[in-house]
Structures are given as structure tokens and as C-alpha cells.
Amino acid sequence: MNDATEAAAEAAGTEEAEATPIKARKNGLYPALSDELAEVMKSGWADTERRDLAPAEQSAYAAKRRAALSARFPGDRLVIPAGSLKTRANDTEYPFRASSEYVHLTGDQTQDAVLVLEPRGDGGHDATAYLLPRSDRGNGEFWLDGQGELWVGRRHSLAEAEALLGLATRDVRKAADELALAADERPAPTRIVRSYDAGLEAVLAEHTTRHGDEELRVFLSELRLVKDEWEVGQLQAACDATTKGFTDVVRELAQAVASSERWIEGTFYRRARVEGNDIGYGSICAAGPHATTLHWVRNDGEVRPGELLLLDAGVETHTLYTADVTRTLPIDGSFNALQRRIYDAVYDAQEAGIAAVRPGARYRDFHEAAQQVLTERLVEWGLVEGPVERVLELGLQRRWTLHGTGHMLGLDVHDCAQARTEAYVDCELEAGMVLTVEPGLYFQADDLTVPEEYRGIGVRIEDDILVTADGSRNLSAALPRSASEVEAWMAGLTG
Ligand code: GLY
Ligand code: MN
């Protein structure tokens, strides 16, 4: 597929068309167009503006988050870009996914957009979302430009977006000039979330500092540590869709055996695209010894009866909240004795971890509780010499437990990653936090320190846990977890 030629665009060109900096026009195969066609394309289109739009559900929540941001940085100009398309090859791009910071503060997902909080004299801010407006039909942009609506689909008009977001909107093509002018006329310390919009960073370079920008990024990461009720609902929806995806995979395991791990990846992906926006991260579809490779996303291996499938996958909702769930499934429907022994150890560790999640507990507690159980089993099985306390002190169990037992979850699979240690890893849990509890045991295929029958077995069980006022709630509890429940569930689906 190609866009119309640059020559054609120039032929249609008014001054506005030539000045349109939306995106370099692409080369194409069409001959120059006639003046008559250019003229005919300008008119004869119905008015489709919608004037009946009410604010979207999340707009009130986004407004509260902006208020918190405003209160933290009184007097500062704050710039939060959504990011832009990334080239995949030549004139094709990766699917766009707006920055989590921008989405959290606006509820919007428009590419190239930018949120600006302009400081007011009273210490508050005026918030504006700069967005790409609807394509202008008068200058041919809508059908001659690669980002014209005829190519990429209808956008909201600025007025429609304003109604939906509950936020003032302006044309994003004016953002750089308006910010430069504001910096000149109303000097103020300025902060931008870096790495999403190099153009705006350059425009604001004289007014920003690396340290100031970092403080903004850290604050926005920490602002996401406690989820509001709407976000919890989104994460529940992500988990529910993920349950359907895992169910699809179990139903199609016979096809995966006849094909490869890719069948599993594709099966889950179909559900993610139908129920939500996408997968929230690369699905790990690891059969047999691949389960011992923590981020196995190549997914090109064989799926063999008698072995285990470690499936770590999550649906990202249309609002961009993701689940992060792992189940380790016997490919032929039943665990053998050793698989079950290892599975039960991980299950018991996860139970201990989940039991340690409650308000007021330390974030580290669930990790330590899970590591304790796993280490006890490793010592009991004779894989490492005890006592357990010595193994834990030296961290020797980590040869087989490998990773931390969980992380915050939300818009990002590893959410709140820029939060300070004292706000995250060293924090006390609070109601509204959502985190994964995901212990595992992994015996590499070439690990000569364990008996041969252990080698190539990897087990992880991962659930998404909401901290509630008096304990916790497992958002992914709809998926069976214990070995017997898993076997019964699989038999019901495949039997
Ligand atoms: N689900 C992948 C991870 O947590 O790293
Ligand atoms: Mn995880």
C-alpha cells in the first residue's frame, strides 16, 4: 500500500498543505493529479461532527490525577507527551501505544499528542491536551497525507475530544511554537517527561534540567502506585479477558502439539485483540525446557505431550491496563509425580506469598515468604545443603528461584518502575496497590547439580493481587491454580 505521490500533494497544495508538518509525505506510484480532481475532492462531504458526547468514565479520575500533579509542582510548566509512531521498516510502523504517563493523566491515547499544564498565578495549572485535529478537506490533507483520515481513519475533532476528555484541547501542530512563546513571555521552570518527543525536548532544552525532568517522571510513577476504583475495574477486566485467553489455549493444545509454541502465542493474541487493545507484553509460551528461560518469547519450539507448558501472558484492555498471569500446565493434561512435586512447592510458595499481602505489610514480605517455602523444599529434596537459614542468608536458592517474586501492575506490566526505593521496594503495602505474586522454580537443562530427572523443568504460577482494606483479593482467581484444579479444568475443556 502506498500513499499518493508528493507531486500529487504539491499539485493540490495550498500554503497550509505545504506547511503541514504531520509527517513526511511518502513516495508513491500515482501520477500527478489533475486540478479538477483536486478541486472535486475538496467538497461534497457531510458534516459528521458529533455534538452529543459526554465525558468518558475515566475523565473524572484523570482530572484528580492532574490535580495531584499540579499540587506537587506549583509554578512549573509541565509537559507530558504521548509519543509518536516508530518506524518498523521503510514506510511501515509499529502499532502505536501512547505513553502510560500521558494515558494516566488524560484517559486519551492519541498519537503525537501532548498534555501541557500551564502554571497560573494562583499556584494551580490550566491543562490542555494538544491533539491532531480532524483532517482538513480543503487542502487535500485528508487523502494526500499518510496520516490523513482517509488513510488511517476518522479522528475526534478537537471539540469532540474536549467533550470526551473533559479537558481543553488545541491543535498539536501549534504546540512547539506556543510552548516556545510561553517560555519567552512567561518564564517558568519547565519539566518534560523525556524520551517520547525529541522535538519538544529540543524546543524546551533551555528551560528544563535533567534533574527536574527526572523528578517529574518519578512523581508520575509513584502517582500510579495506588489504583483508584476505576483502575481496579480495568485490571479486573484485563484478568477476565486473560482467563478467556488461557482457556482458548487449553482448548487448542492439540493443535499446538501438531504445530509449535507459535500456535499458543497466536491463540492468546487473537483473544487479546478481540477482548482488548493488545497483549500487555510479549507472551511467554514456553514448552518443555524453554520454561527455564525466563523471558522465552521466541515461541518457536515443539509442544510435546508429557512435558509442561509455562504460559505467561496478559491481555491489555482497550484502556491500556494489563494483566500478567502465568500458569504451568501439563501438556497431556496430567502432571507426573516429579512435575507435581515441583508444582506443589511453587503453589505452596505462592500461597504463602499471597497470604503476606495485606495493608501495612512490607512490600518485601511476600517475596520473603515465598522464598522461605521454596528454600525449605530445595533443602528437603537434597538439592542444596541446609540449614534453610544459611541457604537464605547466602541466597543459594536463587540458582533455581532466579527472580523476584512480583512487581506492581497497572498500565505497565512492570508498573511504577521509576518510583523511588522507599516508595516501592521498601514501602508498606496500601489498599489499592495491585501486584503480581509469581514464585517459580527452574532447573536448567544443563544443570549438573540436580538429578537428571529435574533438568529442563520450569514452573511458575503468577496471579494479580489487589491489596484491599483488610487483606487482598486475587483478580485472576478465575483461573484454576492448584495441581488438581488445573488437571480437572483441562479435562473439562479437552475431554
Ligand atoms: N510477565 C513477565 C514478567 O513479569 O517479567
Ligand atoms: Mn510478572
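Residues numbered from 1 in each chain as written. Chains lettered and ligands numbered in written order. Predicted model: local features only at pLDDT ≥ 70, side-chain atom pairs only at ≥ 80, totals over all residues. Heavy atoms only, no water.

(A) View of helix 19 (residues 483-494). Between its first and last C-alpha atoms helix 19 spans 16 Å; for twelve residues at 1.5 Å apiece the expected length is 16 Å, and the two agree. Among the residues of helix 19, those classed as buried are Ala483, Val486, Glu487, Trp489 and Met490. Taken end-on, helix 19 shows its buried residues confined to a sector of 165 degrees, consistent with a single buried face. When the buried face of helix 19 is taken as reference, the exposed residues oriented beyond 90 degrees from it are Ala488 and Gly492. Where the residues of helix 19 are buried, they touch helix 12 (229-251), helix 13 (253-258), strand 12 (325-330) and helix 15 (337-355). (Helix = DSSP H or I, 4+ residues; strand = E, 2+ residues; numbered from the N terminus. Expected span 1.5 Å × (residues − 1). Buried < 20%, exposed > 50% of the residue type's maximum accessible area, 1.4 Å probe, protein only. Arc of directions from axis to C-beta. Contact = heavy atoms within 4.5 Å.)

(B) The packing of helix 12 against helix 19, seen in detail. It is the contact of helix 12 with helix 19, at a shortest axis distance of 9 Å, that shows an interaxial angle of 65 degrees. Between helix 12 and helix 19 the crossing geometry is right-handed. Together, Phe246, Thr247, Val250 and Arg251 of helix 12 and Trp489, Met490, Leu493 and Thr494 of helix 19 make up the contact between the two elements. Among the residues making up the contact of helix 12 with helix 19, the classes are represented as five nonpolar, two polar and one charged. (Axes fitted to C-alpha atoms, helices over the stretch in contact; angles between N-to-C directions. Left-handed = near helix turned anticlockwise from the far one by under 90°. Nonpolar A, V, L, I, M, F, W, Y, C, P; charged D, E, K, R; others polar.)

(C) Representation of the side chain of Asp312 in the model. Note on placement: Asp312 falls in strand 10 (residues 308-313). According to the relative accessible area criterion, Asp312 is buried, its value standing at 5%. For Asp312, the side chain forms a polar contact with the side chain of Tyr281, separated by 2.5 Å. The contact partners of Asp312, leaving out residues within four places of it in the chain, are Tyr281, Gly282, Ser283, Ile284, Asp324, Val325, Thr326, Arg460 and Glu462. (Polar contact = N/O pair within 3.5 Å; in protein donor to acceptor, adjacent residues only side chain to side chain.)

(D) Seen up close, the sheet that holds strand 13 (residues 434-437). One open sheet holds the three strands; their spatial order is 13-16-17, and the pairing between them is antiparallel. Each having just a single partner strand, strand 13 and strand 17 (471-474) make up the two edges of the open sheet. Recorded for the sheet is a direction-independent mean angle of 40 degrees between the axes of neighbouring strands. Each of strand 13, strand 16 (463-468) and strand 17 touches helix 15; the most contacted strand, strand 13, lies at about 155 degrees to it. (Pairing = 2+ DSSP bridges.)

(E) Spatial organisation of the site of ligand 1. With respect to spatial proximity, the complete set of residues near ligand 1 consists of Tyr281, His295, Asp312, Asp324, His407, His414 and Glu438. For ligand 1, whose accessible area on its own is 200 Å², the fraction buried by protein is 89%. Split by residue class, the shell around ligand 1 holds one nonpolar, three polar and three charged. (Near = heavy atom within 4 Å. Areas by Shrake-Rupley, 256 points an atom, 1.4 Å probe, with all protein chains shown as cover.)

(F) Molecular detail of the state of the cysteines. The full count for this structure, using the stated rule, is zero disulfides. In this structure Cys416 is not part of a disulfide, and its nearest cysteine sulfur, from Cys427, lies 9.6 Å away. Using a relative accessible area of 0% as the deciding quantity, one classes Cys416 as buried. (Disulfide = S-S within 2.5 Å.)

(G) The coordination of the manganese ion (ligand 2), seen in detail. Coordination sphere of the manganese ion (ligand 2), protein contribution only: Asp324 (OD), His407 (NE2), Glu438 (OE) and Glu462 (OE), at 2.0 to 2.3 Å. For His407, a relative accessible area of 9% corresponds to the buried category. Judged by relative accessible area, Glu438 falls into the buried class, the value being 8%. (Donors = N, O, S within 2.8 Å, 3.2 Å for Na, K, Ca; no water.)

(H) Molecular detail of the side chain of Ser157. Relative to the helices and strands, Ser157 resides in the loop between helix 7 (149-152) and helix 8 (158-165). Within the structure, Ser157 has its side chain in polar contact with the side chain of Glu49 (distance 2.7 Å). In this structure, Ser157 is in contact with Glu49 and Arg134, ignoring residues within four places of it in sequence.

(I) Here's a closer look at unusual backbone geometry. At the junction of Gly386 and Pro387, the peptide bond is cis and its omega measures out at 0 degrees in the coordinates. Examined against the element boundaries, Pro387 turns out to sit in the loop between helix 16 (363-380) and helix 17 (388-394). Phi is positive for Asn90, close to 50 degrees, though the residue is something other than glycine. Tracing the chain through its elements places Asn90 in the loop between strand 2 (87-89) and strand 3 (92-93). Relative accessible area serves as the criterion here: at 73%, Asn90 is assigned to the exposed category.

(J) Spatial organisation of the environment of Glu376. Within the element layout of this structure, Glu376 appears in helix 16. Glu376 sits 27 residues away from Ala349 along the chain, and the two C-alpha atoms are 9.9 Å apart.

(K) Quick look at the pattern of salt bridges. If you walk through the whole model with that rule in mind, you get 43 salt bridges. As a salt-bridge pair, Arg304 and Glu307 come within 3.0 Å of each other at their nearest N and O atoms. What makes Arg304 partly exposed here is its relative accessible area of 32%. Classification of Glu307 by relative accessible area gives partly exposed; the value is 23%. For the salt bridge of Arg399 with Asp447, the shortest nitrogen-to-oxygen distance reads 2.9 Å. You can see Arg399 sitting in helix 18 (residues 398-401) and its partner Asp447 sitting in the loop between strand 14 (440-443) and strand 15 (457-460), a full 48 residues away along the chain. Judged by relative accessible area, which is 44%, Arg399 ranks as partly exposed. The structure contains a network of salt bridges with shared partners spanning Arg77, Glu118, Glu185 and Arg186. (Salt bridge = Lys/Arg side-chain N within 4 Å of Asp/Glu carboxyl O.)

(L) Representation of the environment of Leu165 in the model. Position of Leu165 among the secondary structure elements: in helix 8. Beyond its immediate chain neighbours, meaning those up to four positions away, Leu165 contacts Ser59, Thr106, Gly107, Asp108, Ala129 and Leu131.

(M) Structural detail: the sheet that holds strand 10. Strand order in the open sheet made by the three strands is 9-10-12, with antiparallel pairing throughout. Looking at the sheet topology across the chains shown, the edges are occupied by strand 9 (284-287) and strand 12. Ignoring which end each strand starts from, the neighbouring axes of this sheet average 10 degrees apart. Sheet strands touched by helix 14 (residues 261-275): strand 9 and strand 10. Its angle to strand 9, the strand with the most contacts, is close to 150 degrees.

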